[in-house]
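Residue-level listing of the chains:
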Amino acid sequence: MNKIKENIENIKQQIDQAYHATYHTNNQANKSSSTNRKNPITLLAVSKTKPATAIEQAYLAGQRNFGENYLQEAVEKIAQLSHCPKLCWHFIGPIQSNKTKQIAKNFTWVHSVDRAKIARRLNTHLKEYLSEEKHSNSCQDSALNICLQVNISEEPSKSGVMASELFSLAEVVDNCDKLTLRGLMAIPEKNTGVASYEKMQHLFKKLQAQYPTVDTLSMGMSNDLNIAIAHGSTMVRIGRAIFGERD
Ligand SMILES: *Cc1c(COP(=O)(O)O)cnc(C)c1O
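All figures in this text were calculated on a predicted structure; none of them were measured in a lab.

Asks: Explain the side chain of Arg 237 residue by residue, including any values.
Replies: With respect to the secondary-structure elements, Arg 237 resides in strand β8 (residues 235–238). Here Arg 237 occupies a buried position and makes no salt bridge, while the nearest side chain of opposite charge, Asp 224, is found at 6.7 Å. Polar contacts involving the side chain of Arg 237 include one to the main-chain carbonyl oxygen of Ala 186, which spans 3.2 Å. Setting aside chain neighbours within four positions, we find Arg 237 in contact with Leu 44, Val 46, Ile 92, His 111, Met 185, Ala 186, Ile 187, Ser 218, Met 219, Gly 220, Met 221 and Ser 222.

Asks: Mind laying out the packing of helix α7 (residues 166–174) against helix α8 (residues 195–210), listing which residues take part and the relevant values?
Replies: Direction vectors running N to C along α7 and α8 enclose 40°, while the axes themselves pass 12 Å from each other. One way to sum up the angle between α7 and α8 is to call them oblique. In the packing of α7 onto α8, the handedness of the crossing is right-handed. Together, Leu 166, Phe 167 and Ala 170 of α7 and Leu 203, Lys 206, Leu 207 and Gln 210 of α8 make up the contact between the two elements. Split by residue class, the contact of α7 with α8 holds five nonpolar, one polar and one charged.

Asks: How would you explain the site of the ligand if you had to name every residue and give the values?
Replies: Surveying the vicinity of the ligand reveals the residues Val 46, Lys 48, Asn 69, Ile 92, Ile 187, Met 221, Ser 222, Arg 237, Ile 238, Gly 239, Arg 240 and Arg 246. Here an oxygen atom of the ligand and a backbone polar atom of Gly 239 are 2.9 Å apart. Within the side chain of Arg 246, a nitrogen or oxygen atom sits 2.8 Å from an oxygen atom of the ligand. A majority-of-atoms criterion places the ligand in the largest pocket.

Asks: Describe the environment of Ala 230, with residues and values.
Replies: Topologically, Ala 230 is positioned in helix α9 (residues 225–230). Given the relative accessible area of 37%, Ala 230 is considered partly exposed. Taking the C-alpha atoms as reference points, Ala 230 and His 20, separated by 210 residues in sequence, lie 9.6 Å from one another.

Asks: Describe the pattern of salt bridges, listing the residues and the values that go with them.
Replies: What the rule picks out here adds up to seven salt bridges. Between Lys 77 and Glu 68 there is a salt bridge, and its shortest N-O distance comes to 2.9 Å. Of the two residues examined, Lys 77 and Glu 68, each falls in the buried class. For Arg 240, the salt bridge identified is with Glu 245, shortest N-O distance 3.7 Å.

Asks: Go over α7 with me, naming the residues and quoting the values.
Replies: Among all positions in α7, only Leu 166, Phe 167, Leu 169, Ala 170, Val 172 and Val 173 are buried. Where α7 is buried, its residues contact β4 (109–113), α6 (116–132), β5 (144–150), β6 (179–186) and α8.

Asks: Let's hear about α6: which residues, and what values?
Replies: Helix length check: α6 (17 residues) gives 25 Å between terminal C-alpha atoms against 24 Å at 1.5 Å per residue, within 8%. Listed in full, the buried residues belonging to α6 are Ile 118, Ala 119, Leu 122, Asn 123, His 125, Leu 126 and Tyr 129. Each element contacted by the buried residues of α6 is listed here: α5 (100–106), β4, β5, α7 and β6.

Asks: Break down the packing of aromatic side chains for me, with residues and values.
Replies: Summed over the entire model, instances satisfying the criterion amount to three aromatic pairs. Here Phe 66 and Trp 89 contribute two aromatic rings whose centre-to-centre distance is 6.1 Å and whose plane-to-plane angle is 45°, an arrangement assigned as tilted. In this pair, Phe 66 sits in strand β2 (residues 65–68) while Trp 89 sits in strand β3 (residues 88–91), placing the two residues 23 residues apart along the sequence. Judged by relative accessible area, Trp 89 falls into the buried class, the value being 3%. Here the aromatic rings of Phe 91 and Phe 107 are separated by 5.3 Å at their centres, their planes lie at 80°, and the arrangement is edge-to-face. Of the two residues, Phe 91 sits in strand β3 while Phe 107 sits in the loop between α5 and β4, which places them 16 residues apart along the sequence. The class for Phe 91 is buried, based on a relative accessible area of 2%. Over the face of the ring belonging to Tyr 59 we find Arg 64, whose NZ or CZ atom lies 4.1 Å from the ring centre. A cation over a ring is seen here: Lys 206 above Phe 167, with NZ or CZ 4.8 Å from the ring centre.

Calculation rules
Residues numbered from 1 in each chain as written. Predicted model: local features only at pLDDT ≥ 70, side-chain atom pairs only at ≥ 80, totals over all residues. Heavy atoms only, no water. Helix = DSSP H or I, 4+ residues; strand = E, 2+ residues; numbered from the N terminus. Buried < 20%, exposed > 50% of the residue type's maximum accessible area, 1.4 Å probe, protein only. Lys, Arg positive; Asp, Glu negative; His and termini not counted. Salt bridge = Lys/Arg side-chain N within 4 Å of Asp/Glu carboxyl O. Polar contact = N/O pair within 3.5 Å; in protein donor to acceptor, adjacent residues only side chain to side chain. Contact = heavy atoms within 4.5 Å. Axes fitted to C-alpha atoms, helices over the stretch in contact; angles between N-to-C directions. Parallel < 35°, antiparallel > 145°, perpendicular 65-115°, else oblique. Left-handed = near helix turned anticlockwise from the far one by under 90°. Nonpolar A, V, L, I, M, F, W, Y, C, P; charged D, E, K, R; others polar. Near = heavy atom within 4 Å. 1 Å grid on protein atoms, 1.4 Å probe; cavity = no way out; pocket = protein on both sides within 12 Å on 5 of 7 lines; lining within 4 Å. Sits in = over half its atoms within 2 Å of the grid points. Expected span 1.5 Å × (residues − 1). Phe/Tyr/Trp six-rings, centres within 6.5 Å; stacked < 30°, edge-to-face > 60°. Lys NZ or Arg CZ within 6 Å of the ring centre and 35° of its normal.

Pasting the structure below:
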């Protein structure tokens, strides 16, 4: 078995254990019964700086969702991997407004929307693109799936909307006809303990109560996936634990 495939299997096992520990489902007993509850957490493989060949290995091991941070690099790999029909691309990096056209065109999910201007531009560009040509990305229906990035640890230099402005941004996205508001994304500051995770869980529940399309809490990376799952994460973004350390 190759290393990437092995890493994916290990991470999936870790996700499963964290899920069952959190929701107190009896993993062992359920395994053999018809009520076996599969954990609903999506694994997003973060492939930034890694070559298309590594992504393809993960794809062949059954991995479908991939996250990229840098647009130029991503667009090249997306073209190289156009022969993988079920591959689904997520943009997770900071967004400059001059990049929204390419993002709308190439990605199915965007996790890092943190201001109204970006949301409106993504919506406009996607509309233009859909009216221009047939798009071939098969995991994409016509709408772009949006998570709002929250600056949950309130770090001055970091991306993300402040919690106090989250709900007005959510309304903007919800009003964009080509965007589907799916949820929230956060990168809690290292070593802050559980406070940021608890706040995210609370905001997510509140958003979910208001918008029926919201089903995704994108939280947890290689080093914090257990604590993220313990606080309601539904999608973990894992890079190094799948592809190895980045240079
Ligand atoms: C790089 C990155 C990840 C993955 O981090 P690892 O520590 O490699 O698991 C997840 N989310 C975002 C936004 C990232 O930039």
